[in-house]
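Residue strings, one per chain:
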Amino acid sequence: RESTSSGSATSTNAGATMKTMTCQQLGGPCEQAHRGESADDVIQLQDQHLKDAVAAGDTAHEAAAKDMKRRWRRPVSGLKWYNQAKRDFEALPED
């Protein structure tokens, strides 16, 4: 399965650079792929994926969902994770 974000563009994404990160690369337990134009896109997709998985009763995603919630509530302390995720995203090859 894969989730995709079109970023903030309202028209076509011709020429847009898309990259893929997995749930596991973002601290989760599975290989769900998230595609986006930016690290922010894939982080938002991961956040929604974690919420959906936990809501569906997937206990394997609970710890990662709690960690993500903690980062949203405490952005200063979550900045280290966020900056690392951005660096990891930038280092990825384009899809």
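Look above for the structure.
Residues numbered from 1 in each chain as written. Predicted model: local features only at pLDDT ≥ 70, side-chain atom pairs only at ≥ 80, totals over all residues. Heavy atoms only, no water.

K.L.:
Mind showing me how you'd approach the side chain of Gln46 here?
P.N.:
Mapping Gln46 onto the fold places it in helix α1 (residues 39–55). Every residue in contact with Gln46, bar those within four places of it in the chain, is listed here: Cys23, Leu26, Gly28, His34 and Met68. (Helix = DSSP H or I, 4+ residues; strand = E, 2+ residues; numbered from the N terminus. Contact = heavy atoms within 4.5 Å.)

K.L.:
Is there a simple way to think about the packing of α1 against helix α3 (residues 75–91) in this case?
P.N.:
Each pair of packed helices can be described by the angle between their axes along with the distance between the axes. Two numbers describe how α1 lies on α3: the axes approach to 9 Å, and their chain directions differ by 120°. Here α1 runs over α3; the crossing is right-handed. Side by side, α1 and α3 meet where Ala39, Asp40, Val42 and Ile43 of the first sit next to Trp81, Tyr82, Ala85, Lys86 and Phe89 of the second. Looking at side-chain class alone, the contact of α1 with α3 contains seven nonpolar, no polar and two charged residues. (Axes fitted to C-alpha atoms, helices over the stretch in contact; angles between N-to-C directions. Left-handed = near helix turned anticlockwise from the far one by under 90°. Nonpolar A, V, L, I, M, F, W, Y, C, P; charged D, E, K, R; others polar.)

K.L.:
For this particular structure, what's the right way to read the side chain of His61?
P.N.:
Its location among the elements puts His61 in the loop between α1 and α2 (62–73). Side chain to side chain, His61 and His49 meet in a polar contact 3.2 Å long. In contact with His61, other than residues within four places in its own chain, are Cys23, Pro29, Cys30, His49, Leu50, Ala53 and Val54. (Polar contact = N/O pair within 3.5 Å; in protein donor to acceptor, adjacent residues only side chain to side chain.)

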